[in-house]
Number of protein chains: 2
Amino acid sequence: MDSGKVKDVGILAMDIYFPPTCVQQEALEAHDGASKGKYTIGLGQECMAFCTEVEDVISMSLTVVTSLLEKYQVDPKQIGRLEVGSETVIDKSKSIKTWIMQIFEESGNTDVEGVDSTNACYGGTAALFNCVNWVESSSWDGRYGLVVCTDSAVYAEGPARPTGGAAAIAMLIGPNAPISFESKFRGTHMTHVYDFYKPNLASEYPVVDGKLSQTCYLMALDSCYKCFCSKFEKFEGKQFSISDADYFVFHSPYNKLVQKSFARLYFNDYLRNSSVVEKDAREKLEQFSNLTGDESYQSRELEKVSQQVSKPLYDAKIQPSTLLPKQIGNMYTASIYAAFASVIHNKYSTLMGQRIVMFSYGSGLSSTMFSFKLQDGQHPFNISNIATVLNVSEKLEKRHVIPPENFVETLKLMEHRYGAKDFETSKDTSLLSPGTFYLVNVDSMYRRYYAKKGTEEATSAKSFSVKNGSLANGH
Amino acid sequence: MDSGKVKDVGILAMDIYFPPTCVQQEALEAHDGASKGKYTIGLGQECMAFCTEVEDVISMSLTVVTSLLEKYQVDPKQIGRLEVGSETVIDKSKSIKTWIMQIFEESGNTDVEGVDSTNACYGGTAALFNCVNWVESSSWDGRYGLVVCTDSAVYAEGPARPTGGAAAIAMLIGPNAPISFESKFRGTHMTHVYDFYKPNLASEYPVVDGKLSQTCYLMALDSCYKCFCSKFEKFEGKQFSISDADYFVFHSPYNKLVQKSFARLYFNDYLRNSSVVEKDAREKLEQFSNLTGDESYQSRELEKVSQQVSKPLYDAKIQPSTLLPKQIGNMYTASIYAAFASVIHNKYSTLMGQRIVMFSYGSGLSSTMFSFKLQDGQHPFNISNIATVLNVSEKLEKRHVIPPENFVETLKLMEHRYGAKDFETSKDTSLLSPGTFYLVNVDSMYRRYYAKKGTEEATSAKSFSVKNGSLANGH
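Anyway, here's the lowdown on the structure attached to this text.

Moving on, we get to the sheet that holds strand S3 (residues 47–49) of chain B. Residue and element names in this part refer to chain B. Taken in spatial order, the three strands of this open sheet run S3-S2-S14, and their pairing is mixed. Taken across any chain shown, the strands that pair with only one partner, and hence form the sheet edges, are S3 and strand S14 (400–401). Across three bridges, the pairing between strand S2 (residues 21–24) and S3 is antiparallel. Looking at the pairing, Val23 lines up with Met48 of S3. Lying on the sheet, helix H1 (residues 25–32) is in contact with S2 and S3; it crosses S2 at an angle near 60°.

The next thing to look at is the nonpolar core. A general trend in soluble globular proteins is that nonpolar side chains are found buried together. Met14 and Phe372 of chain A together with Met14 and Phe372 of chain B are the most contacted members of the largest nonpolar core, which has 202 residues in total. Beyond its immediate chain neighbours, meaning those up to four positions away, Phe372 of chain A contacts Ile11, Leu128, Ile179, Ser180, Phe181, Glu182, Phe340, Gln354, Arg355, Ile356 and Met358 of chain A.

Glancing now at helix H3 (residues 57–71) of chain A. Since one α-helical turn is 3.6 residues long, residues separated by three or four positions face the same way. Residue and element names in this part refer to chain A. With 15 residues, H3 should cover 21 Å at 1.5 Å per step; its first-to-last C-alpha distance of 21 Å lies within 8% of that length. Of all 15 residues in H3, 13 are buried, a share of seventy percent or more. Of the residues trailing H3, Gln73 is marked for its positive phi of about 50°.

So, on to the sheet that holds strand S3 (residues 47–49) of chain A. Sheet strands pair via backbone hydrogen bonds, and the direction of the pair is either parallel or antiparallel. Residues and elements named next belong to chain A. The mixed open sheet is built from three strands, whose spatial order is S3-S2-S14. Of all strands in the sheet, those bounded by a partner on one side alone are S3 and strand S14 (400–401). Most of the contacts of helix H1 (residues 25–32) go to strand S2 (residues 21–24), to which it runs at about 60°, and overall it touches S2 and S3.

It takes a turn of 180° to lay chain A on chain B, together with a shift of 0.0 Å along the axis; the resulting RMSD is 0.0 Å. Expressed as an axis order, the relation between the two copies is that of a two-fold axis. Looking at the interface residues of chain A, 100% of them are also at the interface in chain B, so both copies use one shared face.

This part covers the interface of chain A and chain B. Facing 88 residues of chain A, the contacting portion of chain B comprises 88 residues. Surface buried jointly by chain A and chain B totals about 7900 Å² across both partners, of which 54% is contributed by carbon and sulfur atoms. Sorting the residues of chain A by area buried against chain B places Lys92, His192 and Tyr194 of chain A first, and these three jointly supply 11% of that buried surface. A salt bridge links Arg186 of chain A to Glu113 of chain B; the shortest N-O distance between them is 3.0 Å. Between chain A and chain B we count 56 residue pairs in polar contact (both at pLDDT 80 or more) in total. Looking at the side of chain A that touches chain B, the elements with two or more residues in it are strand S4 (79–85), helix H4 (96–105), strand S5 (116–118), helix H5 (123–135), strand S8 (179–190), strand S9 (196–197) and helix H6 (210–236) of chain A. Tallied by class, residues from the side of chain A that touches chain B come to 34 nonpolar, 31 polar and 23 charged. Note that S5 of chain A and strand S5 (residues 116–118) of chain B share three bridges and pair antiparallel.

Take the side chain of Ser363 of chain A next. Residues and elements named next belong to chain A. Relative to the helices and strands, Ser363 is located in the loop between strand S12 (355–362) and strand S13 (366–374). For Ser363, a relative accessible area of 6% corresponds to the buried category. Of the polar contacts made by the side chain of Ser363, one reaches the side chain of Asp195; its length is 3.0 Å. If sequence neighbours within four positions are ignored, Ser363 has contacts with Asn119, Ala120, Asp195, Phe196 and Ser213.

About the criteria used
Residues numbered from 1 in each chain as written. Chains lettered and ligands numbered in written order. Predicted model: local features only at pLDDT ≥ 70, side-chain atom pairs only at ≥ 80, totals over all residues. Heavy atoms only, no water. Pairing = 2+ DSSP bridges. Helix = DSSP H or I, 4+ residues; strand = E, 2+ residues; numbered from the N terminus. Contact = heavy atoms within 4.5 Å. Axes fitted to C-alpha atoms, helices over the stretch in contact; angles between N-to-C directions. Core = buried A, V, L, I, M, F, W, Y, C linked by side-chain atoms within 4.5 Å. Buried < 20%, exposed > 50% of the residue type's maximum accessible area, 1.4 Å probe, protein only. Expected span 1.5 Å × (residues − 1). Least-squares fit on C-alpha atoms with pLDDT ≥ 70 in both. Buried area = accessible area lost by both parts, 1.4 Å probe. Salt bridge = Lys/Arg side-chain N within 4 Å of Asp/Glu carboxyl O. Polar contact = N/O pair within 3.5 Å; in protein donor to acceptor, adjacent residues only side chain to side chain. Nonpolar A, V, L, I, M, F, W, Y, C, P; charged D, E, K, R; others polar.

Structure (structure tokens):
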């Protein structure tokens, strides 16, 4: 192996794409006849993005990868590995990665390792770890890795429907990164549970046990945090507490669970006698110190008190990560990285030298807590340029608010389109920005055709067609 | 990163499981009313394994992982990463890896990274690369990696049906391995094509364009070989030819394609003026030297002549890998590693110091050519012990030949069972060996329950049940 050749491997660049179409949670509440505040305060959500019939996880991936390469001026030939994390299955065998290869084939580069990683919302983290490990391995060829997290989260009518969302995130991986891994600090927890899964293969909707999934999430958080702390202590020779990280970023199915999660970390620190928990809070939490694990997950009182006493720290260390997950909804694999992008958007000028601890969770279940160290980077691969490219404010502002009725209609249409063949979409790209890819049709053999909305006018849309029998050769 | 800490990372141990139920291709030919020799000579296949209704990719994985850990006496706590390659989708979100976690949770180990890798038959190779890279990365914690390739290949009635198969393979990954990667010699070719895919989500059967898939396979082989040779030459300073490898192991959907593939490599060596192609063969191939790429893929004459002139080398360098793929059929992700296991079975006493070049292909498409170097290892992680554990002859001999009618009936039943809920299997384990896991039932929430056939009697079968709310903690 190339001993000591690389250092500070991590994220060099990022971009995010989310559909320009969204529904407001307050309007959805009213439409669904839910009690006022159920989605906005109960779930803590503000808005939910969704794909119309012209977008899907493949088109979003094509859009975000093209955008990242252009905005950071990366030659497609410079990519040596491309990995996708997704749980939105359009094909059970052909990876989303192979659709994205069209971009690289165009430039004659087919020597690109990596496929799709799958386990619910955790697939993107698996893809990220795989890309970073590749750069640190003896098989690394000196080129960049590229990670794509892409998902469209939709639910059957009912209480889970407002917890949908959609987005794609692309991350460029290499050494000397402004966002590098502290790879020795890592806690993983994986077990076999049925909290959220997709066994009904003909339907896009998952089977969800909401209550169980929330408990599994908090148990996994506890287990990962214990493991993370023990590894930190092993390598640093001192106890880890909340105060050792500047921000915590959680996978965010809905904001309320993030609030509960941070309170749970705080309760962990209390149980571990960490000095971060002050006298006043300590006294309030004492009544819960003898709860069994199970009791503590079920106690509404503990939830309330721990959230209350940790509120100032939540505002400082969590709040900056909540913007995009609240505005877009659950983006499954992209969710945690959209939360991370929110921190960059909100705090880019003060992040140098700071530590950000991440908690990635995928039902089924797999989960890992890991740590980023942020530092200066060389343009274009520096934090402030990443914030500029992410362009979060403008992307949010340019969205179109769709009435709940039309959102519900779209989902109904998509129920028929899921797994279907031989149809054309409306090709209505009026709401899409120039440069956005969209689905044109699916032929009688289920082959999917996409086009790109022209930067000048839609008629110049460039078609990415299948090129069977003319495989480009990268060598 | 832990510079220079590890060397010779690769495969320390292997085990294979395949269903004890199989159908003979000669009988299937007759049953299907196909012309005599169509499956046996035309496809080059002898026998085809298939899962009855009590087995599936999850049960086969549980069986092979349990077996590997027992036979090599590896403590489940010593596994730090577990990756699965599969294209047989039972759940679109929950990874097969999470089902296998039951084995590790039992011993209190939940700190196990890795999820499922997906792209047709290539997923196992992606999982293998990921595990190897992890051991070479700074996040490695000193424990073993474990790769599982598990698939059940079934096809709708028609010409593709005899190209099915089923198996699961487990491989233990770590440093100082008897089967180590020559990681600098690697050629990858990935593109977007629709040669074989699974867009009909409600059906277990793929959509296949057999002719296109064969051409894609050979094009990918050419491209990977060129890339592999150019990397070899860059690092070794000399031309690579067939003579530089002792064996070539190909992904084997059916043996005939392996025959064509080796002939194609030979033709490549001829075009590259390699001295491995002798005067006599050179003269016979000269007539094809001006064919375009496309023409050369379609020329039956070239196929015939190149197979004929390369026959002695095929017998020496390929034949030993063909045993299990011919006897079991296409095992998708497990296929190439079953071919590799066949070489170990046939040649274990003479492999020290030898090079084996592997060609992994997954439709859609992704493909890589890579290289293993074999060397002595320390018991139990040495080649002859791996051959003993694989126990290929006995496993083949103990199989039960099932009449084609019953095979067809099983597939019909499984068409209804695919994606279904609320059913019990026959629990008939009479054909299974002790220690084999089997499916007991799928409940009304699609949750799957497995049991293990007892080593003494079936009634002592140990049930692996879902343990919601009692997540074991590995720390």
